[in-house]
Amino acid sequence: MNTLPNPLRAIIPLFFLFLSCISDAQDTLNTELPGVPEKAIDQIFKDFDGTDLPGAAVAVVQKGKIVFKKGYGSANLEYDIPVSPSTVFHVASVSKQFTVFSVLLLAEEGKLSLDDDIRKHIPEVPDFGKTITLRHLATHTSGMRDQWDLLSLAGWRFDDVITKDHILKLVSKQQDLNFDPGEEYLYCNTGFTLLAEVVARLSGQSFAEFTQQRIFGPLKMGRSQFYDDHEKIVKNRAYSYNPTASGFQKSVLSFANVGATSLFTTVEDLALWAMNFKEPRVGNRAIVDQMNTLAELNDGETFTGAYGQFVTPYKGLLQIQHSGGDAGYRSYLGRFPDQEFAVMVFTNRGNSNPAALSLHVADLYLASDFTEEPSHADKRPLEKTIELDNEKLKAFESHYWYEAQMVPRRIYLKNDTLMYFRGPGNESALAPVAKTKFKMLGVPMYVSVEFLTENGKQQMLVVQENSPDITMQAYTPIDPALVDLHPYSGTFFSEELGTAYTINVKDGRLTASHDRHPDMVLSMAKADIFKNKFGTTVLFTRDANNRVVGMKVSTGRVRKLWFGKQ
């Protein structure tokens, strides 16, 4: 019950607003340094600058100093509290580099090795018949299923309280991997939750306590912490929001797990962390070099993944970065080691793009450093478009199938332009650069699409910057109107998730029902294969008598999870 007198209740929000405005004014004064393009940066963040808008915080590090820091918009829309550089944000997956750093601190002390089997430290992890090392976990090459996709399939909502113990119990019930460890890269949050737990068990401290003592304290990151208690009060924190047709709504986050996420920090504090990579005050050069090293797959191939970070060149310059997104929080830290430059942007608006904002800021500072030619790691050739008439374009129209992930795509002609169709409201135009090759327009990275013929069958080769090439096969979809959907009906149970889905035919469409999720329509993609609007794939399996006996469910980060028909 609120026992404060009414006048005092009215004054308190104004008092905190006054304090925040003083802090914001002081922080803005700090940005008035020679050569700092404040007005240009203000223009980049103009869409965040208003008391009625969720906000953003930005900081720039150059040559070992913070040369710019500023806040825009509101940290709390209910009280119009402005964002400042000292506002605390949840930065989601930017957390992962701190988790790897903590593991490497213990490795330096001889308490573990990156090549240790995870089961040496956490025996509850199932024996999948293949060794999963800490190195696999730190580089997204373990093959383990992702914790968030598993929880969602099990019926959890992301505004539920999700603890470390919930995740560990779910991991302990898994019976299969997505792939053999080291064979592929597939982003996996589970590995970093496990790494944080390894740190806790070996140090005898909670992960939050370990990082406070070994990282945040020594680096004077006074507003930083790993948030492992969803009820804990955090001073000066920003709340998260998502846009709606009429404005914004709160996006609740109740995580009580750490390692993959849950770092609370400020752009000022994260700037100190970015500086530590150049002149390590915590850890040493060997740890920093290890974190910046590209990981290798079993065949010796590398990809963009390093250790808790990604190496993605930008305009010919080496960039090491990571982004984050949970609820309405979005974050990005990009470091340019050769230029001794870093930029970080945090927002509390779910539809924002801090990576793009950060790189726009980098453009202002690094324009004279950019090279004309792309770096060797890029797949971004300088291609000029050509003209192809509609008759030639129509020859490429077809449906295409990527078997490894059971993904359908469609190529069709629309207004004299070839379109790459992923699903309703999600398509991209293709511009011809050769007779059979196209570049994709309106996407943040280079993607090319080439049409090939092998053994008389049409294929589509998709080449994406910093990702493995994908070959899709042309196919003819089944007309669902000609298929009897009733044999797919029934209740399907997963022992690994401890949950069931009921499949029924409603209004002529196959529908999946779960106690904690809205009903979801399943659309037929191929024989016995269905997809929902979020891209989840359901493959129904049959016995020797052609009866449906179960289904294998795949998401972006979970492959072929078994549900038996009851």
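Keep in mind it's a predicted model, so treat the numbers as computed, not measured.

Enquirer: Where do I start with the overall build of the protein in this structure?
Expert: Counting secondary structure elements, the protein contains 13 helices and 31 strands. The C-alpha atoms of the protein give 25 Å as radius of gyration, which agrees with the globular expectation for 566 residues (24 Å, within 12%). Taking all 566 residues of the protein together, the buried fraction comes to 51%. Within the protein, residue pairs in contact and separated by at least 24 positions form 59% of the contacts whose partners lie at least 6 positions apart. Accessible surface for the protein amounts to roughly 26,300 Å². Of this, 50% is attributable to carbon and sulfur atoms. The averaged location of the 67 negative side-chain charges in the protein is 2 Å from the averaged location of its 59 positive side-chain charges.

Enquirer: Would you mind showing me how to read the pattern of salt bridges here?
Expert: As a working rule, side chains carrying opposite charge can pair if their charged atoms are close by. Taken as a whole and assessed by the stated rule, the structure comprises 26 salt bridges. Lys 70 is paired through a salt bridge with Glu 38; the nearest N and O atoms lie 2.9 Å apart. Taken together, the positions of Lys 70 in strand β2 (residues 65-72) and Glu 38 in helix α2 (residues 38-44) put the pair 32 residues apart, joining distant regions of the chain. Across the pair Glu 197 and Lys 164 runs a salt bridge, and its minimum N-O distance is 3.2 Å. One end of the pair, Glu 197, is in helix α8 (residues 190-203); the other, Lys 164, is in helix α7 (residues 164-172), and 33 residues separate them in sequence. Where salt bridges share partners, they join Glu 124, Lys 164, Glu 197 and Arg 201 into one cluster.

Enquirer: Can you walk me through a negative patch on the surface in this structure?
Expert: Taken together, Glu 183, Glu 296, Asp 299 and Glu 301 make up a surface patch of like negative charges. Relative to the helices and strands, Asp 299 is located in the loop between α11 (285-292) and β12 (310-311).

Enquirer: Honestly, unusual backbone geometry in this entry has me stumped. Any pointers?
Expert: Negative phi characterises most residues that are not glycine, and trans characterises most peptide bonds. Positive phi outside glycine occurs at Ala 327, with the angle close to 50°. Within the element layout of this structure, Ala 327 appears in the loop between β13 (320-326) and β14 (329-336). Classification of Ala 327 by relative accessible area gives partly exposed; the value is 24%. Non-glycine residue Lys 560 carries a positive phi angle of around 55°. Within the secondary structure, Lys 560 sits in the loop between β30 (548-554) and β31 (561-565).

Enquirer: How do you make sense of the packing of helix α3 (residues 96-108) against α11 when you look at a structure like this?
Expert: A pair of packed helices is characterised by two quantities: the angle between their axes and the separation of those axes. In the contact formed by α3 and α11, the axes pass within 10 Å of each other and the chain directions differ by 135°. By the angle class used here, α3 and α11 are oblique. Note on packing geometry: the crossing formed by α3 with α11 is right-handed. The residues of α11 that touch α3, namely those facing Gln 97, Val 100, Phe 101, Leu 104, Leu 105 and Glu 108, are Ala 286, Ile 287, Gln 290 and Met 291. Grouping the amino acids of the contact of α3 with α11 by side-chain chemistry returns seven nonpolar, two polar and one charged.

Enquirer: Where do I start with the environment of His 486 in this structure?
Expert: Among the secondary structure elements, His 486 is positioned in the loop between β23 (470-475) and β24 (490-494). His 486 sits in the exposed class, given a relative accessible area of 54%. Distance in space between the C-alpha atoms of His 486 and Asn 504 is 7.4 Å, their sequence separation being 18 residues. In this structure the side chain of His 486 is engaged in a polar contact, spanning 3.0 Å, whose partner is the side chain of Asp 484.

Enquirer: Would you mind going over the environment of Ile 66 with me for this structure?
Expert: Looking at the element boundaries, Ile 66 is found in strand β2. Accessibility expressed as a relative area gives 28% for Ile 66, which makes it partly exposed. Expressed as a C-alpha distance, the spacing of Ile 66 and Met 275, which sit 209 residues apart in the sequence, is 9.3 Å.

Enquirer: Honestly, the sheet that holds β2 in this entry has me stumped. Any pointers?
Expert: Each strand in a sheet pairs with its neighbour through backbone hydrogen bonds, running either in the same direction (parallel) or in the opposite one (antiparallel). A sheet is described by the order of its strands in space; here six strands give the open sequence β2-β1-β15-β14-β13-β12, paired in antiparallel fashion. The strands lining the two open edges of the sheet, one partner per strand, are β2 and β12. Judged from the seven bridges that link them, strand β1 (residues 56-62) and strand β15 (residues 341-347) form a sheet pairing that is antiparallel. In the sheet register, Val 58 faces β15, and the bridge partner there is Val 345.

Enquirer: What should I look at first to understand the packing of α3 against helix α9 (residues 207-216) in this one?
Expert: Contact geometry of α3 with α9 gives a least axis separation of 11 Å together with a crossing angle of 75°. Accordingly, the angle class assigned to the pair α3 and α9 is roughly perpendicular. Touching Phe 98, Thr 99, Phe 101, Ser 102, Leu 105 and Leu 106 of α3 are Phe 207, Phe 210, Thr 211, Arg 214, Ile 215 and Phe 216, all from α9. Taken together, the residues of the contact of α3 with α9 sort by class into eight nonpolar, three polar and one charged.

Enquirer: Honestly, the packing of aromatic side chains in this entry has me stumped. Any pointers?
Expert: Each aromatic ring pair is characterised by the separation of its centres together with the angle its planes make. Summed over all chains, the structure comprises 31 aromatic pairs. An angle of 10° between the planes, with centres 4.6 Å apart, marks the rings of Trp 148 and Phe 255 as stacked. Here Trp 148 is found in helix α6 (residues 147-153), whereas its partner Phe 255 is found in strand β10 (residues 255-256), with 107 residues between them in sequence. The pair Trp 148 / Phe 255 is uniform in exposure class, with both members buried. Their ring planes at 50° and their centres at 5.9 Å tell us that Tyr 400 and Phe 451 sit as a pair that is tilted. Of the two residues, Tyr 400 sits in strand β16 (residues 398-402) while Phe 451 sits in strand β21 (residues 447-454), which places them 51 residues apart along the sequence. Linked through ring pairs, Phe 98, Phe 101, Phe 207, Phe 216, Phe 226, Trp 273 and Phe 277 together constitute an aromatic cluster. In this structure, Arg 237 is placed above the aromatic ring of Tyr 239, and the distance from its NZ or CZ to the ring centre is 4.8 Å. Across the ring face of Tyr 412, the terminal group of Arg 410 is positioned such that the distance to the ring centre comes to 4.4 Å.

Enquirer: Help me understand the nonpolar core, please; the structure alone is not making it clear to me.
Expert: Burial of nonpolar side chains together is a common tendency in soluble globular proteins. Ranked by size, the top nonpolar core spans 93 residues in total, and within it Phe 98, Ile 118, Met 144, Trp 273, Met 344, Phe 540 and Met 551 carry the most contacts. With seven residues, the top contributor of residues to this core is α3. Apart from residues no more than four positions distant in its own chain, Phe 540 is found in contact with Tyr 488, Phe 492, Ile 503, Leu 510, Asp 528, Phe 530, Val 548, Gly 550 and Met 551. Among the nonpolar cores identified, the runner-up in size contains 23 residues, and Phe 45, Val 67, Phe 341 and Leu 357 belong to it.

Enquirer: What is the right way to read the pairing of β31 from this model?
Expert: One face of the sheet, then the other: side chains in a regular strand alternate in exactly this way. Of the strand pairs in this sheet, β24 and β31 are connected by two bridges, and their pairing is antiparallel. Along β31, the bridge assignment pairs Phe 492 with Lys 565. Remark: six residues form the turn of the hairpin made by β30 and β31, two consecutive strands paired antiparallel; Lys 560 in that turn has positive phi of roughly 55°.

Calculation notes
Residues numbered from 1 in each chain as written. Predicted model: local features only at pLDDT ≥ 70, side-chain atom pairs only at ≥ 80, totals over all residues. Heavy atoms only, no water. Helix = DSSP H or I, 4+ residues; strand = E, 2+ residues; numbered from the N terminus. Rg over C-alpha atoms; globule rule 2.2 N^0.38 Å. Buried < 20%, exposed > 50% of the residue type's maximum accessible area, 1.4 Å probe, protein only. Contact = heavy atoms within 4.5 Å. Areas by Shrake-Rupley, 256 points an atom, 1.4 Å probe, with all protein chains shown as cover. Lys, Arg positive; Asp, Glu negative; His and termini not counted. Charge placed at Lys NZ, Arg CZ, Asp CG, Glu CD. Salt bridge = Lys/Arg side-chain N within 4 Å of Asp/Glu carboxyl O. Patch = residues over 30% accessible without salt bridge, like charges linked within 9 Å, V, L, I, M, F, W, Y side chains within 5 Å. Axes fitted to C-alpha atoms, helices over the stretch in contact; angles between N-to-C directions. Parallel < 35°, antiparallel > 145°, perpendicular 65-115°, else oblique. Left-handed = near helix turned anticlockwise from the far one by under 90°. Nonpolar A, V, L, I, M, F, W, Y, C, P; charged D, E, K, R; others polar. Polar contact = N/O pair within 3.5 Å; in protein donor to acceptor, adjacent residues only side chain to side chain. Pairing = 2+ DSSP bridges. Phe/Tyr/Trp six-rings, centres within 6.5 Å; stacked < 30°, edge-to-face > 60°. Lys NZ or Arg CZ within 6 Å of the ring centre and 35° of its normal. Core = buried A, V, L, I, M, F, W, Y, C linked by side-chain atoms within 4.5 Å.

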